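Listed below are the residues making up each chain.
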Amino acid sequence: MPRSGGVVIEAVNDPAGDALEDLRAWLRVDVPRLRVEAVRAATGRGEMSGGVVAALETAVLSKELLGMVVTGVAGWLSARATTRRTRIRVKCGDREVEIDTADIDKADEIAHRLGRALGAS
């Protein structure tokens, strides 16, 4: 569960966690002051590792930083939309939005939709 003021990002239909690992790397460059933690899936029967990345969690304590996260996620989705369909779910407090690049393929549109849904400036 997200901490107070946290943002949780989940990828839909990403069983290997590749999309979230890619997003984590993107955010490290795009929003370097943001701390992004990978939440690993529970270990399955017979597995020795901690499982694949199930979600990314951030501590976002200001609207400015939330806006930067929204812009970073939008840019990442827009870049991925050229080569593959990507669906993510972003949760911030009691707000939640799901974005599907099959429906939206421009970073500005994605950023505005995410920002409105999450209350970012």
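What you see is a predicted model; the values in this text were computed from it and never measured.

(A) Up close: the nonpolar core. In terms of nonpolar packing, the biggest core is built from 31 residues, with I9, V73, I88, V90, L114 and L118 touching the most fellow members. Elements represented by at least two residues in this core include exactly β1 (6–12), α1 (18–30), β3 (53–59), α2 (63–81), β4 (87–92), β5 (95–100) and α3 (107–118). Broken down by element, the residue count for this core peaks at 8 residues, all from α2. Dropping the residues within four chain positions of it, I88 is found in contact with I9, E10, A11, V12, V73, W76, L77, V97, E98 and I99.

(B) Region of interest: the pairing of β4. The two faces of β4 differ: I88, V90 and C92 on one face are buried, but R87, R89 and K91 on the other face are not. In the sheet, β1 pairs with β4 via 6 bridges, with the strands oriented antiparallel. Bridging across to β4, V7 finds its partner in C92. Both β4 and β5 contribute to a ladder of 6 bridges, which runs antiparallel. Paired with K91 across the two strands is E96, which belongs to β5. Two successive antiparallel strands, β4 and β5, enclose a turn made up of 2 residues, where G93 displays a positive phi of approximately 65 degrees.

Rules used throughout
- Residues numbered from 1 in each chain as written.
- Predicted model: local features only at pLDDT ≥ 70, side-chain atom pairs only at ≥ 80, totals over all residues.
- Heavy atoms only, no water.
- Core = buried A, V, L, I, M, F, W, Y, C linked by side-chain atoms within 4.5 Å.
- Buried < 20%, exposed > 50% of the residue type's maximum accessible area, 1.4 Å probe, protein only.
- Helix = DSSP H or I, 4+ residues; strand = E, 2+ residues; numbered from the N terminus.
- Contact = heavy atoms within 4.5 Å.
- Pairing = 2+ DSSP bridges.

Note that all results are geometric; they support no functional claim without further evidence.
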